[in-house]
Amino acid sequence: MKRQVLLFILIVCLRLVFGQVSYSIPEEMAKGSLVGNIAQDLGLDVKRLKLGNAHVYSGDSREYIELNSERGVLLIKERIDREALCGDTTPCAVHFQIVLENPMEFYSVTVEITDQNDNPPQVLYPVQTGGSLVAEMVPRSADVGYLVTKVVAVDVDSGQNAWLSYKLQKATDRALFEVGLQNGEIRTIRQVTDKDAVKQRLTVIVEDNGQPSRSATVIVNVAVADSFPEVLSEFTDFTHDKEYNDNLTFYLVLALAVVSFLFITCLVVIISVKIYRWRQSRILYHSNLPVIPYYPPRYSDTLGTGTLQHVYNYEVCRTTDSRKSDCKFGRAGSQNVLIMDPNSTGTMQRIQNEKSILDEPDSPLERRDGEIQ
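Residues numbered from 1 in each chain as written. Predicted model: local features only at pLDDT ≥ 70, side-chain atom pairs only at ≥ 80, totals over all residues. Heavy atoms only, no water.

**Things to note about unusual backbone geometry**
Thought 1: For the peptide bond that leads from Y125 to P126, omega is 0°, which places it in the cis range.
Thought 2: Here P126 shows up in the loop between β8 (122–125) and β9 (135–138).
Thought 3: In this model, Q211 is joined to P212 through a cis peptide bond whose omega is -5°.
Thought 4: Relative to the helices and strands, P212 resides in the loop between β15 (199–208) and β16 (215–224).
Thought 5: A positive phi is found at E28, a non-glycine position, where the angle reads about 65°. (Helix = DSSP H or I, 4+ residues; strand = E, 2+ residues; numbered from the N terminus.)

Here it is, written out as structure tokens:
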């Protein structure tokens with residue numbers, strides 16, 4: 001309701017504007033940027049702005065500029081895109097009023113939005129398609145200056161920022177084609193011969209005149225041939241080559257990533273094993289536990305330094321007279337015994353009978369043992 005009343009008063013008192021001021025700012029200014037000191041430019045006191053409840057009235061629902069009555073300045077309320085606001089209209093400006101109350105006063109403000117080179121050129125022709133291949137045909141009978149095609153591009157910026165120039169960056173045969181600097185026309189600069197390749201690829205750069213300059217790149221495929229079947233047979237390789245190169249690049253990157261991963265993994269494993277073994281050796285080195293040797297079962301002295309076989313049991317019988325002492329041999333713990341001969345390098349296997357001589361009743365050793373006992 002308040003806005004409607006103000007609008008009515010504005011229409012009635014349109015000719016009673018007390019003053020007006022104009023500013024010029026570039027587009028895409030950040031939010032909160034300074035537009036101008038409205039109090040100073042209109043000759044108003046900051047207290048008048050505060051006591052008069054000064055505010056901005058733009059006439060529509062969108063306000064790009066706001067008033068800071070505490071400082072008496074205009075600030076950017078919302079980032080302004082000149083192309084979105086005005087399109088191709090030149091000049092582009094924002095109009096609004098500063099309204100004060102008690103007494104009612106109106107001040108007209110115009111803020112011109114200048115263009116910035118924030119948009120690159122857009123190529124309209126030839127159309128850059130990802131799947132299909134478009135080629136321009138040039139007959140082999142073409143003479144010097146033959147018009148092959150024309151690159152068409154536009155720039156949504158205005159002024160000198162929209163001035164475009166065309167340059168030939170790469171070509172299969174740079175001595176065969178040229179590009180017009182201002183119009184983008186691609187023409188032959190010599191006579192086409194039979195030795196010229198059928199497939200010709202041109203890379204054209206479109207640049208604007210802004211500071212800094214922005215550019216776009218377009219690829220033009222040209223077929224030097226007199227018949228369509230010849231063109232079709234030759235140009236089927238273009239898309240295939242592109243897909244092949246893309247696949248090859250992908251597989252090379254994938255293989256490099258896999259090899260790098262395996263190498264790093266192996267390196268980490270090797271370092272981990274080394275560290276683990278080193279820590280185990282340090283633990284054993286600093287340990288105070290006694291070392292207990294391990295002897296396998298039926299261990300015997302094979303070096304000849306011992307006097308008894310470990311697999312036998314022995315008993316010693318002594319009398320009061322040591323000269324009459326005698327020994328009693330027990331039965332062997334195993335039927336088959338290997339006896340080591342310290343004076344020879346060989347080994348003789350001694351096979352004992354199931355009945356030992358000691359078990360015989362007429363054994364002289366047993367009788368001797370009975371007499372001694």
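**Observations concerning the pattern of salt bridges**
Thought 1: Within the structure shown, the criterion is met by 10 salt bridges.
Thought 2: The partner of D173 in a salt bridge is R190, with the nearest N and O atoms 2.8 Å apart. With a gap of 17 residues between them, D173 in the loop between β12 (164–171) and β13 (177–179) and R190 in the loop between β14 (185–188) and β15 connect regions that are remote in the sequence.
Thought 3: Across the salt bridge formed by R190 and D196, the nearest N and O atoms sit 2.8 Å from each other.
Thought 4: The class of R190 is partly exposed, set by a relative accessible area of 23%.
Thought 5: Residue classification places D196 among the buried residues on the basis of a relative accessible area of 8%. (Salt bridge = Lys/Arg side-chain N within 4 Å of Asp/Glu carboxyl O. Buried < 20%, exposed > 50% of the residue type's maximum accessible area, 1.4 Å probe, protein only.)

**A closer look at a nonpolar patch on the surface**
Thought 1: A cluster of nonpolar residues, F250, Y251, L254, V258, F261 and L262, forms a patch on the protein surface that exposes about 640 Å² of accessible area.
Thought 2: Assignment of secondary structure puts F250 in helix α5 (residues 228–286). (Patch = residues over 30% accessible without salt bridge, like charges linked within 9 Å, V, L, I, M, F, W, Y side chains within 5 Å. Areas by Shrake-Rupley, 256 points an atom, 1.4 Å probe, with all protein chains shown as cover.)

**Let's talk about the pairing of β15**
Thought 1: For β15, the tally of buried residues reaches 7 of 10 residues, placing the bulk of the element in the interior.
Thought 2: Two elements, β12 and β15, share 7 bridges in a ladder whose sense is antiparallel. Considered in β15, the bridge of A171 is made with L202.
Thought 3: In this sheet, β16 lies alongside β15 in antiparallel orientation, the contact comprising 9 bridges. Counterpart to V204 in the pairing with β16 is V218. (Pairing = 2+ DSSP bridges.)

**Quick look at the nonpolar core**
Thought 1: Counting 28 residues, the largest nonpolar core has I38, L74, F96, I98 and V109 as the members making the most contacts within it.
Thought 2: Mapped by element, the contributors of at least two residues to this core are β1 (19–26), α2 (38–42), β4 (65–68), β5 (73–76), β6 (92–100) and β7 (105–114).
Thought 3: Tallying contributions element by element places β6 first for this core, with 5 residues.
Thought 4: Sequence-distant contacts of I98, defined by excluding residues within four places in its chain, comprise I38, H55, V56, L67, L74, E105, F106, Y107 and V109. (Core = buried A, V, L, I, M, F, W, Y, C linked by side-chain atoms within 4.5 Å. Contact = heavy atoms within 4.5 Å.)

**Details of the state of the cysteines**
Thought 1: A full pass over the atoms with the stated rule returns 1 disulfide.
Thought 2: The partner cysteine of C86 in its disulfide is C92, sulfur to sulfur 1.8 Å. Handedness of the C86-C92 disulfide follows from its S-S torsion of about 65°: it is right-handed.
Thought 3: Accessibility expressed as a relative area gives 2% for C92, which makes it buried. (Disulfide = S-S within 2.5 Å.)

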